[in-house]
Amino acid sequence: MSRGGGKGLSLKDKLDGNELDLSLCDLNEVPVRELAALPKATVLDLSCNNLISLPSDFCSLMHLVKLDLSKNRLQQLPLDFGRLVNLQHLDLLNNRLVTLPVSFAQLKNLKWLDLKDNPLDPVLAKVAGDCLDEKQCKQAAVKVLQHMKAIQSEQDRQRQRKLQAEREMEKKREAEQRAKEAQERELRKREKAEEKERRRREYDAQKAAKQEMEKKTKKETVQTRKPASSSRPPQPARHKPSWSRSVLRVLLFVLFCILCALAACKLTELQRQPLCVSVNTLYEDVVAALQNHKTLQNMLQHNSQQ
């Protein structure tokens, strides 16, 4: 076993019954593999070496009952140090420890503990007290175990609270997610209903437009077929006299009235009345003028022919 790594010298040469003394060997690491091969070595002395830390697999040496790590330079113990459940005696005098791992509370068989000359946390130092005799060291073991169990319980409660908070947060997130999904479903449902209503209105509008177009087409068809179905076209001229004929009739009536007046003035005793004298004179003048007007003569001739 070399001074640095613990190899070269057989550990069996150091074994005395169940005690293995590796003190004052200038070790800077623990030969865990060789120690694991010696399960009979339940008492291990590693004091007065240069150990700064213990490897994580050191906690696999669960056969250890007594362990002396005093007068090293240990700054911390492995987190799973509590795996050494068979440990009854632990000497950590004169190291550089500030705290102990929470798993230390699992050392239920620990009956002796020395933590003197370490820069311990004030609370831990007060709990551990002195270890000047057997009684004080036993009390230190009991008190430190109780203290570490309280810390472990508090951490367990914190973990439980944290876990509970995480669960509640998860439930809250799930509830929010469900509410969001329900809101999205409701929104999709409403949008679907609105879309359906819009399509229904479009359908009704198209249907109404189609019906209106059909009515219009039918009406135009009826209007188109009506003149064709008649045997002969209407003859409005038959029932409505033309404008010229109406004027002619009025003129003929006026002329008739004038002739009647002339006849009355010519053939009756009224011819000597001043009015009839004037009428007869006017008549003679008009007749003379009309006789010289060829256009009016042609018109009179044309009307007489009709």
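Predicted model only: the values in this text are computed from it and were never measured.

What counts and what doesn't
- Residues numbered from 1 in each chain as written.
- Predicted model: local features only at pLDDT ≥ 70, side-chain atom pairs only at ≥ 80, totals over all residues.
- Heavy atoms only, no water.
- Helix = DSSP H or I, 4+ residues; strand = E, 2+ residues; numbered from the N terminus.
- Buried < 20%, exposed > 50% of the residue type's maximum accessible area, 1.4 Å probe, protein only.
- Contact = heavy atoms within 4.5 Å.
- Pairing = 2+ DSSP bridges.
- Salt bridge = Lys/Arg side-chain N within 4 Å of Asp/Glu carboxyl O.
- Disulfide = S-S within 2.5 Å.
- Phe/Tyr/Trp six-rings, centres within 6.5 Å; stacked < 30°, edge-to-face > 60°.
- pLDDT = per-residue confidence, 0-100.
- Core = buried A, V, L, I, M, F, W, Y, C linked by side-chain atoms within 4.5 Å.

### A look at the overall build of the protein chain
Logical step 1: What the protein chain contains, in helices and strands, is seven helices and six strands.
Logical step 2: Each helix and strand of the protein chain, placed in order from N terminus to C terminus, yields the pattern β-β-α-β-β-β-β-α-α-α-α-α-α.
Logical step 3: A burial count over the protein chain gives 25% of its 306 residues as buried.
Logical step 4: Of all intrachain contacts in the protein chain linking residues separated by at least 6 positions in sequence, the fraction that spans at least 24 positions is 35%.

### A closer look at the sheet that holds strand β2 (residues 19–21)
Note: strands within a sheet are paired through backbone hydrogen bonds, in either parallel or antiparallel orientation.
Logical step 1: Strands sit in the order β1-β2-β3-β4-β5-β6 across an open sheet of six strands; the sheet is mixed. One side of each edge strand has no neighbouring strand; the edge strands of this open sheet are β1 (15–16) and β6 (112–114).

### Regarding the side chain of N95
Logical step 1: Position of N95 among the secondary structure elements: in the loop between β5 (89–91) and β6.
Logical step 2: Apart from residues no more than four positions distant in its own chain, N95 is found in contact with L69, S70, K71, N72, R73, L74, D117, N118 and P119.

### Thoughts on the pattern of salt bridges
Logical step 1: Within this structure, the stated rule accounts for twelve salt bridges.
Logical step 2: Ionic pairing is found between R161 and E154, a salt bridge with its closest N-O pair at 3.2 Å.
Logical step 3: Accessibility expressed as a relative area gives 47% for R161, which makes it partly exposed.
Logical step 4: With a relative accessible area of 28%, E154 lands in the partly exposed category.
Logical step 5: Two residues, R159 and D156, come together in a salt bridge whose shortest N-O distance is 1.9 Å. Linking R159 with D156, this pair stays in helix α3 (residues 134–229), spanning three residues, or about one helical turn.

### Some points on the state of the cysteines
Logical step 1: Here the structure, examined in full by the defined rule, presents one disulfide.
Logical step 2: Disulfide partner of C131: C137, at an S-S distance of 1.4 Å. The chirality of the disulfide connecting C131 with C137 is right-handed, given an S-S dihedral of about 100°.
Logical step 3: Looking at C131, the relative accessible area reads 7%, which means it is buried.

### Details of the packing of aromatic side chains
Logical step 1: All chains considered together, the criterion is met by one aromatic pair.
Logical step 2: Note on F81 and F104: the rings are 6.1 Å apart at their centroids and 5° apart in plane angle, and the pair reads as stacked. Taken together, the residues F81 in the loop between β4 (66–68) and β5 and F104 in the loop between β5 and β6 connect sequence positions 23 residues apart. A single burial state applies to F81 and to F104, both of which are buried.

### Overview of the confidence of the model for the protein chain
When pLDDT drops low, the exact placement of atoms in the prediction is not to be read closely.
Logical step 1: For the protein chain, per-residue confidence averages 85 on the pLDDT scale, and residues scoring 70 or more make up 84% of the total.
Logical step 2: A low-confidence stretch, residues 1–8 stays under pLDDT 50, and its non-local contacts, those more than four residues away or across chains, total 25 contacts.

### Details of the environment of N280
Logical step 1: In this fold, N280 is placed in helix α6 (residues 274–291).
Logical step 2: With a relative accessible area of 11%, N280 lands in the buried category.
Logical step 3: When the C-alpha atoms of N280 and A263 are compared, they prove to be 9.5 Å apart, with 17 residues separating the residues in sequence.

### Considering the nonpolar core
Logical step 1: Within the largest apolar cluster, 42 residues are counted, with the highest numbers of intra-cluster contacts made by L46, F58, L67, F81, F104 and V144.
Logical step 2: Those elements that place two or more of their residues in this core are α1 (32–36), α2 (122–128) and α3.
Logical step 3: Among the elements that take part in this core, α3 stands out by supplying four residues, more than any other.
Logical step 4: Those residues in contact with L46 that lie beyond four places of it in its chain are L22, L27, V30, L51, F58, L67, D68, L69 and N72.

### Observations regarding the environment of A141
Logical step 1: Inspection of the secondary structure assignment puts A141 in helix α3.
Logical step 2: Along the chain, A141 and D114 lie 27 residues apart, while their C-alpha atoms are 7.9 Å from each other.
Logical step 3: Apart from the residues lying within four places of it in its own chain, the contact partners of A141 are L110, K111, W112 and L113.

### Digging into unusual backbone geometry
Logical step 1: Located in the positive-phi region is D26, a residue other than glycine, with phi close to 55°.
Logical step 2: By secondary structure assignment, the location of D26 is in the loop between β2 and α1.
Logical step 3: The class of D26 is partly exposed, set by a relative accessible area of 30%.

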